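The lines below spell out each chain.
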Amino acid sequence: MHVETLIVPPLDNNVYLVVDEASHQAVAIDTGLGSREILAKAEALGAKIVTILNTHGHADHTADDAPLKSATGAKLGIFEVDAYRLGRNAKESHWFLPAPPPAVTADLLLKEGTTVHIGNTVLETIHTPGHTEGSCCFYDAADGILFSGDTLFAGSCGRTDTLGASPAKMKASLQRLARLPPETLVLPGHGPSTTIGRETWIADLAYPVI
Ligand SMILES: [Zn+2]
C-alpha cells in the first residue's frame, strides 16, 4: 500500500491517494478543490480511483467530489449521518469557495465498522463525532495508518463550535483514538502528520474540547 499526500485548495486541505500496488486500485480520501491534481497523480502512478471517501461533510473537504466521481466512475462514501451535508453544501455559499460545489449523492453510506476494500488494502470506518455529527476516521490496521480528517490534528483537534459539532463527543472520540497502538501514523485533514503516541494529551482529557 502506498499513500500520496496532496495539499490542495481551498484551505490547504490534505487529500490522500491510497494506492493498492497489487491491484493498481486507489481510493481518494477527501477531494478539496483537488480533482485535477488527484487525477494527474493517479495517472502518473498508473492507478485507477475506484472509491472516494469523505472524512466528513464540510465543503472544504468535499468540494470536488462531483467532478472526481464523474471523471473516474468511483463510488462515493461518507458516514451516513453526514451525508445530508453533500446536498446542503450545494445550496449554500461558502466563504472559502468561489461557488457552491455541484450537488452529489453518496453511493456508500458508511456506518461504524464499515470496511472499504481496495485490492488487498482494508480501511475500517471509525465513527468519531465531535467536529461534525458524522465525522469518521479510516483505519488501516495492517499498515498502522489512521486517516483522521478534522478529528485529530498534530497537537490539536478540529473545531467544535459549528453546527453539528459537540465538545463532549469530541472528547469521547479522541479518548477512543488514544487506545489505538501508539506507533499508528496519523494523517489528518489539515497540517502535518503525527502518531497516536505523540498525542499523549488525547488520553488525558478531563473536560469537553472547545
Ligand atoms: Zn471540517
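Residues numbered from 1 in each chain as written. Predicted model: local features only at pLDDT ≥ 70, side-chain atom pairs only at ≥ 80, totals over all residues.

1. Here's the deal with the overall build of the protein chain
No. 1: The helix and strand inventory of the protein chain stands at five helices and 14 strands.
No. 2: Computed over C-alpha atoms, the radius of gyration of the protein chain comes to 16 Å, within 12% of the 17 Å expected from 2.2 N^0.38 for 210 residues, which places it in the range of a compact globule.
No. 3: Looking at the protein chain as a whole, 49% of its 210 residues qualify as buried.
No. 4: Summarising the internal contacts of the protein chain: among those between residues at least 6 apart in sequence, 61% fall at separations of at least 24. (Helix = DSSP H or I, 4+ residues; strand = E, 2+ residues; numbered from the N terminus. Rg over C-alpha atoms; globule rule 2.2 N^0.38 Å. Buried ≥ 20, exposed ≤ 12 C-beta atoms within 10 Å, placed from the backbone. Contact = placed C-beta atoms within 7 Å.)

2. Quick notes on helix α4 (residues 84-91)
No. 1: For α4, the full list of buried residues reads Arg85, Leu86 and Asn89. Down the axis of α4, the buried side of the element spans an arc of 105 degrees, and every buried residue falls inside it.
No. 2: On its buried side, α4 packs onto α2 (59-62) and β5 (75-79). (Arc of directions from axis to C-beta.)

3. Some remarks on the nonpolar core
No. 1: One finds Ala26, Val27, Ala28 and Ile29 to be the most contacted residues of the largest nonpolar core, which totals 52 residues.
No. 2: With five residues, the single largest contributor to this core is strand β2 (residues 13-20).
No. 3: Sequence-distant contacts of Ala26, defined by excluding residues within four places in its chain, comprise Leu17, Val18, Val19, Ala42, Ala47, Lys48, Ile49, Val50 and Ile118. (Core = buried A, V, L, I, M, F, W, Y, C linked by C-beta atoms within 7 Å.)

4. Some words on the packing of helix α1 (residues 35-45) against helix α3 (residues 65-72)
No. 1: Between α1 and α3, the shortest axis-to-axis distance is 9 Å and the interhelical angle comes to 35 degrees. For the pair α1 and α3, the sense of crossing is right-handed. Taking contact as the criterion, the partners of Ser35, Ile38 and Leu39 in α1 are, on α3, Pro67, Leu68 and Ala71.
No. 2: A breakdown of the residues in the contact of α1 with α3 according to their chemical character gives five nonpolar, one polar and no charged. (Axes fitted to C-alpha atoms, helices over the stretch in contact; angles between N-to-C directions. Left-handed = near helix turned anticlockwise from the far one by under 90°. Nonpolar A, V, L, I, M, F, W, Y, C, P; charged D, E, K, R; others polar.)

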